[in-house]
Amino acid sequence: LDQSNKLVTVVIYPLHGSPAMRAGIRAGDEIVKIDGKSAEGLSIDKVASLLKGPRGTTVVVTVARTGVPKPFQFNVTRAEISQHSVETAFMIPPDTGIGYIRLTKFDETSDPELTAALKRMEQAHMRGLILDMRGNPGGLLQEAVEVADHFLEKGQLIVYHYGRNSEERRYYAINGNHGEEYPMIVLVGPNTASAAEIVSGALQDHDRALILGQTSFGKGLVQTVFPLSDHAGLALTTAHYYTPSGRLIQRDYSDLSIYDYFNHVGEQPSPSQAQVYYTDGGRKVYGGGGITPDVLFTLPKPNAVQEKLLERSVFFNFGEDYLAQHPDVPENFTVDDAMLEQFKNLLKKENVDLSPKDFSDNLEFIKQQISEDIVGATYGVRALDRLDVENSPEVKKAISEMPEAAELVTNAKHYMASRHGAN
């Protein structure tokens, strides 16, 4: 709703490489008309339906932009917007030699996309990798096996499944990592599930990667669909997935409702209560409820001041005002004192009361939010993602844990060699 209490549509961030971004539409633009038809009062679904159309056709989008006296038009050529499995992949500066890959799902393109990303990074002399699977809901089993195959030695077990009336089946690394043993950190969270847990569990059990974050979802069911009449079907659980060490991935849901299960109501078993297994290097790992991280890390919650600033949308509003005056801001700009003074003036204008101490105590947060909003508005989601990753507390923690990850493979090899020698 705008100040007149009318329903309007405002661009949050244009997707990287999208027709809208290529045409010049940016964050904060209000969509006024679509092909000459007023967009005022229309729902998001209605606006979306007017913007969509056959590939290659053109839609005329009229926008109002802060700092520009009159609305103006963009001729946007419609195109397919693809959703990639590897959403983000780049080397983290400054000269850390650490690559970052965000894998959002497991579908038919996951393996080739990962292969291409790793090739680029290895050419850049990558010395460590952060594989981010927070929020990855899973997908195809075969893609999970192929992704894990990139990092394990040829012949290592990746996952197996069996049930009371289901024959056991095991999946192994076919190609292997060809000797590439750079240290790895895998980021997981409560919504890391299914195929993403298969990969995380395999890399953890073989001491190939250090797992960091929060315990994963715990979805390890093999389901068989039996066709019924009227084009219906019955999905019946016939087996469970297990990690190489024998850990059950599936979280217990026997005494939970569907709502409680999917919303994580009820604590998962603590490591002291869970089933204990051992990695190749002899480290303890825990089964029966998702993948428990080696390094538990919970994102700090915003404090009261930060929540107030976020709720009032002051960073988004400041970005609009600032870009109206400085449309050519470079991507690598820094938030200087002059910009902070302008931000303080906006707080006064919008009656957001912030004491000098509150401002000082939250200065780094304020600078980060200003940077992210302006970069996202000017350069799109891809640039915003990169900045968000570089500022991420989880990623910073992962970088600090990289030496520990580097020791995993070495220690595991020594441990396995000593066992073989004893035999």
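Placed above this text is the structure.
Please read these numbers as outputs of a predicted model, since none were measured by experiment. (Residues numbered from 1 in each chain as written. Predicted model: local features only at pLDDT ≥ 70, side-chain atom pairs only at ≥ 80, totals over all residues. Heavy atoms only, no water.)

Colleague: Can you help me understand the environment of Ile-44 in this one?
Modeller: Within the secondary structure, Ile-44 sits in helix α2 (residues 44-51). Judged by relative accessible area, which is 59%, Ile-44 ranks as exposed. (Helix = DSSP H or I, 4+ residues; strand = E, 2+ residues; numbered from the N terminus. Buried < 20%, exposed > 50% of the residue type's maximum accessible area, 1.4 Å probe, protein only.)

Colleague: Whenever I open this one, the pattern of salt bridges confuses me. Can you help?
Modeller: Pairs can form between side chains of opposite charge whenever their charged atoms are close. Applying the stated criterion across every chain, the model contains 14 salt bridges. One salt bridge in this structure joins Arg-102 and Asp-385, with 3.4 Å as the shortest N-O distance. Pair noted here: Arg-102 is in strand β7 (residues 98-103) and Asp-385 is in helix α11 (residues 363-391), with a separation of 283 residues, a long-range link. Looking at Asp-385, the relative accessible area reads 15%, which means it is buried. Residues participating in the shared-partner salt-bridge network are Glu-87, Arg-102 and Asp-385. (Salt bridge = Lys/Arg side-chain N within 4 Å of Asp/Glu carboxyl O.)

Colleague: How should the packing of helix α8 (residues 314-325) against α11 be read in this particular structure?
Modeller: Each pair of packed helices gets described by two things: the angle between the helix axes and the distance between those axes. With their axes 9 Å apart at the nearest point, α8 and α11 run at an angle of 55 degrees to one another. Between α8 and α11, the angle falls in the class oblique. Judged by the sense of rotation from one axis to the other, the crossing of α8 with α11 is right-handed. Here Phe-315, Phe-316, Phe-318, Gly-319, Tyr-322 and Leu-323 of α8 lie close against α11, whose contacting residues are Phe-365, Ile-366, Gln-369, Ile-370, Asp-373, Ile-374, Ala-377 and Thr-378. Of the residues contributing to the contact of α8 with α11, the split by class is ten nonpolar, three polar and one charged. (Axes fitted to C-alpha atoms, helices over the stretch in contact; angles between N-to-C directions. Parallel < 35°, antiparallel > 145°, perpendicular 65-115°, else oblique. Left-handed = near helix turned anticlockwise from the far one by under 90°. Contact = heavy atoms within 4.5 Å. Nonpolar A, V, L, I, M, F, W, Y, C, P; charged D, E, K, R; others polar.)

Colleague: Explain helix α3 (residues 110-123) to me, please; I cannot follow it from the model alone.
Modeller: Between its terminal C-alpha atoms α3 stretches 20 Å, which fits the 20 Å expected from 14 residues at 1.5 Å a residue. When α3 is considered as a whole, its buried residues turn out to be Ser-110, Asp-111, Glu-113, Leu-114, Ala-117, Leu-118 and Met-121. Each buried residue of α3 lies within a common arc of 160 degrees when the element is viewed along its axis, so the set occupies one face. Turned more than 90 degrees off the buried face of α3, the exposed positions are Lys-119 and Gln-123. (Expected span 1.5 Å × (residues − 1). Arc of directions from axis to C-beta.)

Colleague: Honestly, the layout of surface pockets in this entry has me stumped. Any pointers?
Modeller: Which parts of space are left empty comes out when a probe the size of a water molecule is rolled across the atoms. Computed from the structure, the largest pocket encloses a volume of approximately 780 Å³. As for the largest pocket, its lining consists of 27 residues, of which Ser-18, Ala-20, Ala-48, Leu-51 and Ile-81 are closest to the centre. Among the elements of the structure, β1 (9-10), α1 (19-23), α2 and β4 (58-64) are those that each provide at least two residues to the lining of the largest pocket. If you tally residues by element for the lining of the largest pocket, the top one is α2, at four residues. Of the residues belonging to the lining of the largest pocket, the class tally is 20 nonpolar, three polar and four charged. (1 Å grid on protein atoms, 1.4 Å probe; cavity = no way out; pocket = protein on both sides within 12 Å on 5 of 7 lines; lining within 4 Å. Points joined across faces, edges and corners; volume = space filled by probe spheres on them.)

Colleague: Explain the side chain of Glu-197 here, please?
Modeller: For Glu-197, the location among the structural elements is in helix α5 (residues 195-205). Buried within the structure, Glu-197 lacks any salt-bridge partner; its nearest side chain of opposite charge belongs to Arg-251, at an N-O separation of 7.2 Å. A polar side-chain atom of Glu-197 sits 2.6 Å from a polar atom in the side chain of Ser-216. What Glu-197 contacts, discounting residues up to four positions off in sequence, is Thr-192, Ser-216, Phe-217, Gly-218, Lys-219, Ile-249, Gly-290 and Ile-291. (Lys, Arg positive; Asp, Glu negative; His and termini not counted. Polar contact = N/O pair within 3.5 Å; in protein donor to acceptor, adjacent residues only side chain to side chain.)

Colleague: What is the right way to look at the sheet that holds strand β8 (residues 128-132) in this model?
Modeller: Within a sheet, each strand pairs with its neighbour through backbone hydrogen bonds, oriented either parallel or antiparallel. A sheet is described by the order of its strands in space; here six strands give the open sequence β6-β7-β8-β11-β12-β17, paired in mixed fashion. What marks the edges here is a single partner per strand, and that holds for β6 (86-92) and β17 (295-296). Of the pairings in the sheet, the one linking strand β12 (residues 210-213) to β17 comprises two bridges and is parallel in character. Note on β17: the bridge partner recorded for Leu-212 is Val-295. Contacting β6, β7 and β8, α3 crosses the sheet at an angle of about 10 degrees to β6. (Pairing = 2+ DSSP bridges.)

Colleague: Got a minute to help me understand unusual backbone geometry in this structure?
Modeller: Excluding glycine, residues mostly carry a negative phi; peptide bonds, for their part, are mostly trans. Positioned with a positive phi, His-231 is a non-glycine residue whose angle comes to about 60 degrees. Owing to a relative accessible area of 86%, His-231 belongs among the exposed residues under this scheme. In this structure, Asn-351 is a non-glycine residue whose phi angle is positive, near 55 degrees.

Colleague: Hey, could you run me through the sheet that holds strand β13 (residues 221-227) in this one?
Modeller: Sheet architecture is open: four strands sit in the order β10-β9-β14-β13, paired in antiparallel fashion. Bordering the open sheet on either side are β10 (166-172) and β13, each of which pairs with just one other strand. Neighbour to neighbour, the strand axes of the sheet diverge by 25 degrees on average, direction disregarded. With five bridges connecting them, strand β9 (residues 157-163) and β10 associate as antiparallel partners. Its bridge partner being in β10, Gly-163 is matched across the sheet by Ser-166. Lying on the sheet, helix α4 (residues 141-149) is in contact with β9, β10 and β14 (233-242); it crosses β9 at an angle near 150 degrees.

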